Amino acid sequence: MSEFDDKSKDASVNGDGAGAKTGNGGVVVFLSFLVGLIAALIIGWVVFPAALYSEKEQPVQFSHDLHVNGEYMECSSCHYFRADGTFAGVPKLYDCTGCHEYAIGNTEAELNFVDNYVVEGKEVPWLIYSKQPDCVFFSHAAHVKEAGMDCVSCHGHIGTSTSLKTYQENRITGYSRDIWGKDITGIFKKQPWDSMKMDDCARCHERETGSKGACFQCHK
């Protein structure tokens, strides 16, 4: 074999080695990107939301099931439209004292309610899951009276619940996590009431009316 052939062979071997190194480098870069992407998604969708929200319990535990199925009350018994058309979302103390002027049961929740709020004449500082920012306007009348929607459409089967869930408050904005829902991507949402995102409203409006509507309909 000539000296020329040996050099060509060496060059070929070195060239293959360089190509292999380049290929391995590409794999490393791709894997690094993939690992970084997964880590970012975990931090953004799991770790950060967990740190962003604090948990609080309602001042009084309440069983919708006891009132709806036990006392045969309607949703409108506590959540009703006033004479001027506005909606009374959370009942005031006077809405409750018609039945609970004194304890009619012996549960810890009712005794707490009567002793600390009814007797003292203080409103219960309920934590509102669906409280919207001041710039958002929502009309129950338009949806319930005009569109004929049922409470379950947005609030789920709340009438079967025996207790109030833990309130999760955004540490930055002070608003409830229920406005956005736990699944911020919307991919794993099982029921319409799992979140109250603006795009959920837009999809429903488009489906029912053929139009997503203008921003100023809700944002004032």
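Quantities reported herein were computed from a predicted structural model and do not represent experimental measurements.

Within the protein chain, the regular secondary structure consists of seven helices and four strands. Starting at the N terminus and ending at the C terminus, the protein chain contains elements arranged as α-β-α-β-β-α-α-α-α-β-α. When the 220 residues of the protein chain are sorted by exposure, 18% land in the buried category. Carbon together with sulfur atoms contributes 61% to the accessible area of the protein chain, which is approximately 15700 Å² in total.

In this fold, H67 is placed in helix α2 (residues 64-70). Classification of H67 as buried rests on a relative accessible area of 16%. The contact partners of H67, leaving out residues within four places of it in the chain, are F62, Y72, M73 and H100.

Bringing helix α4 (residues 108-118) into the picture now. Side chains that are three or four residues apart share a direction in an α-helix, a result of its 3.6 residues per turn. Within the sequence span of α4, burial applies to E110, F113, V114, Y117 and V118. For α4, the buried positions fall inside an angular range of 110 degrees around the axis, keeping them on one side. Buried positions along α4 lie against α3 (93-100).

As a further point, take the packing of aromatic side chains. Scanning the model with the defined rule gives two aromatic pairs in all. Aromatic pair Y129 and Y167: ring centres 5.8 Å apart, planes at 45 degrees, arrangement tilted. Residue Y129 is located in the loop between α4 and α5 (140-146), and its partner Y167 is located in strand β4 (residues 167-170); the two are separated by 38 residues in the primary sequence. The exposure classification of Y129 matches that of Y167, with both residues buried. K145 extends its terminal NZ or CZ atom over the ring of F81, reaching a point 4.6 Å from the ring centre. Looking at K165, its charged tip hangs above the ring of Y129, at a distance of 5.4 Å from the centre.

Ranked by size, the top nonpolar core spans eight residues in total: V60, L93, C96, F113, V114, Y117, V118 and V124. Elements represented by at least two residues in this core include exactly α3 and α4. Tallying contributions element by element places α4 first for this core, with four residues. In contact with V114, not counting residues within four places along its chain, are H100, Y102, A103 and V119.

Because side chains alternate across β4, one face comprises the buried residues Y167 and E169, and the other comprises Q168 and N170, equally buried. Here strand β1 (residues 53-56) pairs with β4 via four bridges, running antiparallel. Looking at the pairing, S54 lines up with E169 of β4.

Before going further, it helps to spend a moment on the side chain of S161. Among the secondary structure elements, S161 is positioned in the loop between α6 (152-155) and β4. When neighbours within four sequence positions are excluded, S161 is seen to be in contact with S63, H64 and D65.

Tallied over the full model, the rule gives three salt bridges. Among the ionic pairs, D178 bridges to K165, the shortest N-O distance being 2.4 Å. Separated by 13 residues along the polypeptide, D178 in the loop between β4 and α7 (198-209) and K165 in the loop between α6 and β4 bring together distant segments of the chain.

This part takes up the packing of α3 against α4. One way to put it is that α3 packs onto α4 with a least axis distance of 12 Å and a crossing angle of 120 degrees. In terms of their interaxial angle, α3 and α4 are classed as oblique. The crossing of α3 and α4 is left-handed. Seen from α3, the contacting residues are L93, C96, T97 and H100; seen from α4, they are E110, F113, V114, Y117 and V118. Across the contact of α3 with α4, the residue classes break down as six nonpolar, two polar and one charged.

Procedures and definitions
- Here the residue numbering is sequential within each chain, running from 1 through the sequence in written order.
- For a predicted model such as this one, the threshold for reporting local features is a pLDDT of at least 70, and the threshold for listing and counting side-chain atom pairs is 80 or more; totals across whole chains, interfaces and linings nevertheless cover every residue.
- Side-chain measures here rest on the full set of heavy atoms in the structure, leaving out hydrogens and waters.
- Strands are runs of DSSP state E lasting at least 2 residues, helices are runs of H or I lasting at least 4, and numbering of each runs from the N terminus.
- Note on classification: 1.4 Å probe, protein chains only; a residue is buried when its accessible area is under 20% of the maximum for its type, exposed when over 50%, partly exposed between these limits.
- All accessibility values rest on the Shrake-Rupley procedure with a 1.4 Å probe; residue burial counts only the protein chains present in the view.
- Residue contacts follow a heavy-atom distance rule, with two residues in contact if any of their heavy atoms lie within 4.5 Å.
- Working definition: the arc comes from the directions between the helix axis and the C-beta atoms, pointing outward to the latter.
- Put simply, two rings from Phe, Tyr or Trp (the six-membered ring, in Trp's case) pair if the centres are within 6.5 Å, and we call them stacked under 30 degrees between planes, edge-to-face over 60, tilted for the rest.
- Consider the ring centre and the ring normal. A charge sits over the ring if Lys NZ or Arg CZ is within 6 Å of that centre and within 35 degrees of that normal.
- In this description, a nonpolar core means a group of buried Ala, Val, Leu, Ile, Met, Phe, Trp, Tyr and Cys residues linked to one another through side-chain atoms lying within 4.5 Å.
- In short, DSSP must find at least two bridges between two strands for them to pair.
- Any Lys or Arg side-chain nitrogen found within 4 Å of a carboxyl oxygen on Asp or Glu counts as a salt bridge.
- Here an angle of 0 to 180 degrees is reported between the N-to-C directions of two axes, which are lines fitted to C-alpha atoms, with helices fitted over the stretch in contact.
- Convention used here: angles under 35 degrees read as roughly parallel, angles over 145 as roughly antiparallel, angles from 65 to 115 as roughly perpendicular, and any remaining angle as oblique.
- Helix crossings fall into two classes, left-handed where the near helix is turned counterclockwise from the far one by less than a right angle and right-handed where it is turned clockwise.
- Lys, Arg, Asp and Glu make up the charged group, whereas Ala, Val, Leu, Ile, Met, Phe, Trp, Tyr, Cys and Pro make up the nonpolar group; the residues left over, Gly among them, are polar.

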